[in-house]
Structure formats: structure tokens, C-alpha cells
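A closer look at the structure
One letter stands for each residue in the lines below.
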Amino acid sequence: MIDVVFNHATVRNRADMLQFLDLCAERGLGTVSIWGNEIEKVGEARALEALRAHGMRVSGYNRIGPFTPEGLGKARAELERAARFGADHVFLFTGGLAKGERDLPRARDRAEAAIAGLLPMTLDLGLKLAIEPLHPMLVGDRTVIASLGHANDICERLGEGVGVVIDVHHLWWDEHLEAEIARAGKAGRILGFHVNDWLIPTRHLLTDRGMMGDGIIDLAGIEGMVRRAGFAGPIEVEIFSEDWWQRDPAEVMDIALDRCKAIFGRDRAA
Ligand code: ZN
């Protein structure tokens, strides 16, 4: 049995957090990746109670950001809530350039300083911050960290308490991917491995990710890099897709599990 975690975003349009936890439990999955805004929809007490009733653990908590004064103002509350849910790591969402800004190096320095500012609080709460580099086409408005090399550099400068999440959708194109995955692994800072696929054509940068196997990413190849780098954690399914959001959440999860088995399972075709 391969270790799979679902990110709630994969089925969020038709399953609230309580339904999502039930669907995971029905499939024998003991770990989930969750969202603060979804907790708010069902109420924190009910969400925590359901999590405990299922005996489930939380890997990723989404998220802190964007790094505007307002987004950073909520950071402590988000971190505290992530700690109450026992999350392993908390995702950072830096946001892109400020309005009217054209100085990308400066925006990057500002993002790094913000991460540094979050670290003491994060360590106090026993959490880890996860930098997830996003696809370079998202630099303008979603993130200023768009390569694993940049994320590794930041982690190296900031030290303990911050790591990286490797999402195939964002990183598959990178000619330095294997070396940067190895570098992250050597430092013990790979916190997660997100899977989906890159469709041709991709019709929307945020909401047209593919189901594993429907696109052009060498998923097994990248998983091999991550495993060789020492990452022993679960494979996290994270598909933001208008198409898959329309479908029955149970069906989506079953298809995703079958694909994971076929692509990442030990019995996969050679
Ligand atoms: Zn991801």
C-alpha cells in the first residue's frame, strides 16, 4: 500500500472538510492536508472533533499569506491554528509584486525577510514553514519564489524551521531539478511531495491541473529523485481543476488512488 495524502483542495468544491475527512477515512487514509478557510466553514470545534474521531494526522496546513500587511497580520493566528490541528508544516504563499512594483529582487528580499520574521514563532509552536516554489508564470501575482534553487538558497540562509515542498506541476520543467532535489534532501528539508499533471494545453494557470497520468510529467521519474534524496513521506495528491471539481469527490479520489498505485506503486509496470 503506498502512502497517499489528499490535499482537501482536490475535492473542495463538492466536499466540505467534514465530508472530506469521511471520504479519506473510508479509503483507509490516516493523514490529510487541510485549509484554514475550510476549517472556518465547518467550525473549528467540529473539524477538530472529526479529525480526532477518525484518529487522523495533519501533514500540511494551508496557509500563511499573501505577504501583504493584512496577510502577515493573520500569520500568528494561522500558525496557532495549525498547531492546534497538529500540522507537520505550514505553507507559505508569498504573493507576487506589490501594486505598481517592478523591482523583483527587492520583492524577493522582502519575502525572505518576512519568512525570517515568522520563524521564531513557528519554532516556538513546534511547526515548520514550507516554501513551495510555484511555476514561473505565477511570479507576477502569486509568488516571488519560482524555483527549487531559490527556495533552497533561502532555506540555507534561514536555517532551522523552514523547508521545501516539491510540487511536480510547478517544478517539472527545471533542468536543475534533480540536483536541487538532492540538495534539499541532503539537508533534510523536503517536507512534502505534491502530485498532479501538466496538461497540453493548460487552459488556466491555477485551475487546470491534470490527474496523474493525463499529462506530460515524468511522475515516476521525479518520485525517484525525491526518494533517492531520502524523502520517505507520503505522496500528496493536489489537483486544482475546474473539470475534476465538477465530479463526484469519491470518484475523483478513487481514480487518483488507482493512478498513484499504477505510477508510484511497487507493482507498477517496469
Ligand atoms: Zn502543491
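Let me begin by describing the structure that accompanies this report. In this text, all values refer to a predicted model and were calculated from it rather than measured experimentally.

1. Here we look at the overall build of the protein chain
Each helix and strand counted, the protein chain has twelve helices and eight strands in total. Taken over the C-alpha atoms alone, the protein chain extends approximately 45 × 45 × 35 Å along its principal axes. Going through the 270 residues of the protein chain one by one, you find that 55% of them count as buried. Residue pairs in contact within the protein chain that sit at least 24 positions apart in sequence constitute 77% of those at least 6 positions apart. Of the roughly 12100 Å² of accessible surface on the protein chain, a fraction of 50% belongs to carbon and sulfur atoms. In the protein chain, 32 positive and 41 negative side-chain charges are present, and the distance between their average locations comes to 2 Å.

2. Focus on the side chain of T94
Relative to the elements of secondary structure, T94 occurs in the loop between β4 (89–92) and α6 (104–124). The class for T94 is buried, based on a relative accessible area of 8%. Looking at T94, its side chain comes within polar contact range of the side chain of T143, at 3.3 Å. Contact partners of T94, with chain neighbours within four places excluded, come to P66, F67, A111, R142, T143, V144 and I145.

3. Quick word on the pairing of strand β5 (residues 128–131)
As paired strands, β4 and β5 are joined by four bridges and run parallel to one another. Bridge pairing in β5 places F91 opposite A130. With α6 bridging β4 and its parallel neighbour β5, the resulting β-α-β unit is right-handed. By the bridge criterion, three bridges tie β5 to strand β6 (residues 162–167) in an arrangement that is parallel. The residue of β6 that forms the bridge with L129 is V162. Handedness of the crossover joining β5 and β6 through helix α7 (residues 148–158): right-handed.

4. Comments concerning α7
Side chains three or four residues apart in an α-helix point the same way, a direct result of the helix having 3.6 residues per turn. For α7, the set of buried residues is L148, G149, H150, A151, N152, I154 and C155. Packing partners of the buried residues in α7 comprise α6, β5, β6, α8 (168–171) and α9 (177–186).

5. Regarding the environment of R52
Inspection of the secondary structure puts R52 in helix α3 (residues 44–53). Distance in space between the C-alpha atoms of R52 and G36 is 17 Å, their sequence separation being 16 residues.

6. Some thoughts on the coordination of the zinc ion
The coordination sphere of the zinc ion contains the protein donors E132 (OE), D167 (OD), H194 (ND1) and E238 (OE), at a distance range of 1.9 to 2.2 Å. Coordination at the zinc ion comes from four donor atoms whose angles at the metal span 85 to 161°, giving a geometry best classed as irregular. H194 gets classed as buried once you look at its relative accessible area, which sits at 0%.

7. Overview of unusual backbone geometry
Residue P66 is bonded to the preceding G65 through a cis peptide linkage, with omega at 0°. Counting through the fold element by element, P66 comes out in the loop between β3 (57–64) and α4 (69–73). Cis geometry is found at the peptide bond from I200 to P201, where omega equals -10°. You can see P201 is positioned in the loop between β7 (190–195) and α10 (219–228).

8. What to know about the pairing of strand β2 (residues 31–35)
With five of its five residues buried, β2 lies for the most part within the structure. Burial along β2 is two-sided: the face carrying T31, S33 and W35 and the face carrying V32 and I34 are both buried. With respect to chirality, the unit in which strand β1 (residues 4–7) leads through helix α1 (residues 17–26) into the neighbouring parallel β2 is right-handed. Pairing of β2 with β3 involves four bridges; the strand directions are parallel. Note that in β3 the partner of I34 across the bridge is Y61.

Analysis parameters
- Residues numbered from 1 in each chain as written.
- Predicted model: local features only at pLDDT ≥ 70, side-chain atom pairs only at ≥ 80, totals over all residues.
- Heavy atoms only, no water.
- Helix = DSSP H or I, 4+ residues; strand = E, 2+ residues; numbered from the N terminus.
- Buried < 20%, exposed > 50% of the residue type's maximum accessible area, 1.4 Å probe, protein only.
- Contact = heavy atoms within 4.5 Å.
- Areas by Shrake-Rupley, 256 points an atom, 1.4 Å probe, with all protein chains shown as cover.
- Lys, Arg positive; Asp, Glu negative; His and termini not counted.
- Charge placed at Lys NZ, Arg CZ, Asp CG, Glu CD.
- Polar contact = N/O pair within 3.5 Å; in protein donor to acceptor, adjacent residues only side chain to side chain.
- Pairing = 2+ DSSP bridges.
- Right-handed = clockwise from strand over helix to strand, strands pointing away.
- Donors = N, O, S within 2.8 Å, 3.2 Å for Na, K, Ca; no water.
- Tetrahedral: all angles 85-135°; square planar, octahedral: opposite > 155°, others 65-115°.

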